[in-house]
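The chain contents come next:
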Amino acid sequence: MDEQIELKYIGYARKSSEDNREQQAASLPDQVIALEDLRKRHNLKIVDVLQESKSAHKPGREIFNSMLDRIEKGEANAIASWHVNRLARNMVDGGRVIQLMDEGKLLEIKTPSRTLHNTPDDKFMLVLEFGMSKKDSDDKSIVVVRGLGGKARDGWRPGVAPQGYLNDKGTESGLRKIYTDKERMPYVKKIFELFHGGTSAVELHRITDKDWHFKTRQHKRSGGKPLSLSMIYSILNNPFYCGRFEYPLGSGQWYDGSHEKAVSEEVFNEIQMKLGGKSQYKLKHNDFAFNALMRCGLCDSGIVAEQKWQCICSSCKTKFSITQKNKDTCTGCGTLIENMKTPKILHYIYYRCGRKKNPNCKQKAVRVEALEKLIDEKLSKVDISPLFMDWAIRQIHKMNEENKNFEEDTFEGIKRAHNDCRIKLNNLLQLKISPSNADGSMLSDEQYKAQKGALESELKGIEKQLGNFDEQMLQSNNDTARLFTFVARAKARFALPDTKVKRDIFMGLGLHLTLADGIVGYDSPKYIKTLEVMRKEAPIIAERVAPEKEVELRAQFEEKYASIPTVLRSKESHLV
Ligand SMILES: [Zn+2]
Ligand SMILES: [Zn+2]
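A brief structural summary. (Residues numbered from 1 in each chain as written. Chains lettered and ligands numbered in written order. Predicted model: local features only at pLDDT ≥ 70, side-chain atom pairs only at ≥ 80, totals over all residues. Heavy atoms only, no water.)

### Things to note about the sheet that holds strand S4 (residues 108-110)
Alright, step 1. Pairing within the open sheet is mixed, and its five strands lie in the order S2-S1-S3-S4-S5. With partners counted over all chains shown, the strands left at the sheet margins are strand S2 (46-52) and strand S5 (115-117), one partner each. Pairwise comparison of adjacent strand axes, ignoring direction, gives a mean angle of 20° for this sheet.
Alright, step 2. As judged from the three bridges shared by S4 and S5, these two strands associate in the antiparallel manner. (Pairing = 2+ DSSP bridges. Helix = DSSP H or I, 4+ residues; strand = E, 2+ residues; numbered from the N terminus. Axes fitted to C-alpha atoms, helices over the stretch in contact; angles between N-to-C directions.)

As structure tokens, this is what we get:
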């Protein structure tokens, strides 16, 4: 970093009072005291200290945003905080922090245990930190948060279960699960299947009653009757059946349910397109995995996600757009999609230049499949076997063990110095108050004051050293394990149909993502590059083997490892 630039910090403290996932965080006053300590210890120039009592799990904190605005304007170029996770626990806010670093407007983030600069490696750590702390808190919420909101977060929708499901009546109300109604679920699934295959709703109405003798679930005063036509429609457009639900209704808060799905999300979405105006369910697509993460390689505008829905009419073969809601008739022959025998529904997601900076940008759009293939190829280059991950983490622990001896000696030294200092202080006091010093001939008031002051500030310094010691060691161990776990499972996790996971992995691969001519450009952290080299030189680290071959492979690691310019050993690397 350029030594010439003076760092001007904004201190930021945050603790949410409502969010009980935040119990481990220090109180606001304690965070402010820690910032004051930090200022004194490093002689920082802090232009302002901001405090906020909001949760950081959802984007949109006022004070946090105002801080970033001020950094954007150049009022400050660094942030001091109690912990990195005070800044962001979601990728939207985290992304803004990182963008300011990319633009050179934010040069440093300082906490009591670490200092992060705007280098690719440090930014990479931040991405993991913001993304993972979200993951951490998601995991914790399963344990900690209960009650209705907590139940929704666990994937169990509160309220009466729709046809095909049963409410769990046994456990206490906040914990009730939703079970599959074994008697009715097969029919519900068949309803989706038939409609998707071209059977009309009216025909389904007849089939459920006359052919299947389907009866609704019996309640005290209702139920036990055939499905009405409107009930068939409300089954067909209820997203609960594809595993998604909104709670509370109309809140815009969507959850992934833990109940059995009756239909895949893909088929469900196609059915909504067929239903057109009859679909109550507005397709939610604010969750495109790679939206607003890349910049255009030609004009630097943000890359945005877009989707297209099309239908090929089964009577006249006209292909027409149904992206707009309520478009439910063929533009060629006027047939309602619902009445077509076998309409073909096409769905494309692609990424294109938002053209904010240059309205005439010629950057070509890229289909999501092509983008995912690129990312998967990149992941293949750093994919390591779980066995290698285990082994590497053990190696790191071993090295840490060796380091620890050294560190323990240092630690002992500091503790001794601490003790000595206190003894000296005590002796000084004894001398001061001893009868032989009654006239101050051995130790005058001035001498006492000066010596006491010197010893006390020494003691304070030592105490700080002691305090940092544990944190730093813990931090570096955590970083190492975290990075390895991230890479080892990235390729497999990326294949899962989970947009949040895909997004985190994409960001973890590198920073400063650009899209040009269908190629994604990265500013890869050193760590990723080193892994690529390692894999080239020792392909066995990506090998997955049967358990009985493990011993053999482990021996091979030992052998190869000696010849690799390894990340494991480099002091500068993140892995140590
Ligand atoms: Zn462009
Ligand atoms: Zn037609």
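After that view of the structure, there is still more to cover.
### Focus on the coordination of the zinc ion (ligand 1)
Alright, step 1. With distances of 2.2 to 2.3 Å, the protein atoms coordinating the zinc ion (ligand 1) are Cys296 (SG), Cys299 (SG), Cys353 (SG) and Cys361 (SG).
Alright, step 2. Coordination at the zinc ion (ligand 1) comes from four donor atoms whose angles at the metal span 99 to 115°, giving a geometry best classed as tetrahedral.
Alright, step 3. Of note, the zinc ion (ligand 1) draws all its donor residues from one chain, in the sequence arrangement C-x2-C-x53-C-x7-C. Residue Cys296 is located in strand S10 (residues 295-296), and its partner Cys353 is located in strand S13 (residues 344-353); the two are separated by 57 residues in the primary sequence. (Donors = N, O, S within 2.8 Å, 3.2 Å for Na, K, Ca; no water. Tetrahedral: all angles 85-135°; square planar, octahedral: opposite > 155°, others 65-115°.)

### A few points about the coordination of the zinc ion (ligand 2)
Alright, step 1. Bound to the zinc ion (ligand 2) are the protein donor atoms Cys313 (SG), Cys316 (SG), Cys330 (SG) and Cys333 (SG), situated 2.3 to 2.4 Å from the metal.
Alright, step 2. One way to put it: the four donor atoms around the zinc ion (ligand 2) meet at angles of 102 to 115°, and that makes the site tetrahedral.
Alright, step 3. For the zinc ion (ligand 2), the donor residues sit on a single chain with the sequence spacing C-x2-C-x13-C-x2-C. Remark: Cys333 occurs in the loop between strand S12 (319-321) and S13 and Cys313 occurs in the loop between strand S11 (303-312) and S12; sequence separation between them is 20 residues.

### Structural notes on the environment of Gly197
Alright, step 1. Within the secondary structure, Gly197 sits in the loop between helix H6 (185-196) and helix H7 (201-211).
Alright, step 2. Each C-alpha atom, one on Gly197 and one on Ile271, is 9.7 Å from the other, the two residues being 74 residues apart in sequence.
Alright, step 3. Those residues in contact with Gly197 that sit more than four places away from it in its chain are Lys341 and Thr342. (Contact = heavy atoms within 4.5 Å.)

Geometric descriptors of this kind do not, in isolation, establish any biological role.
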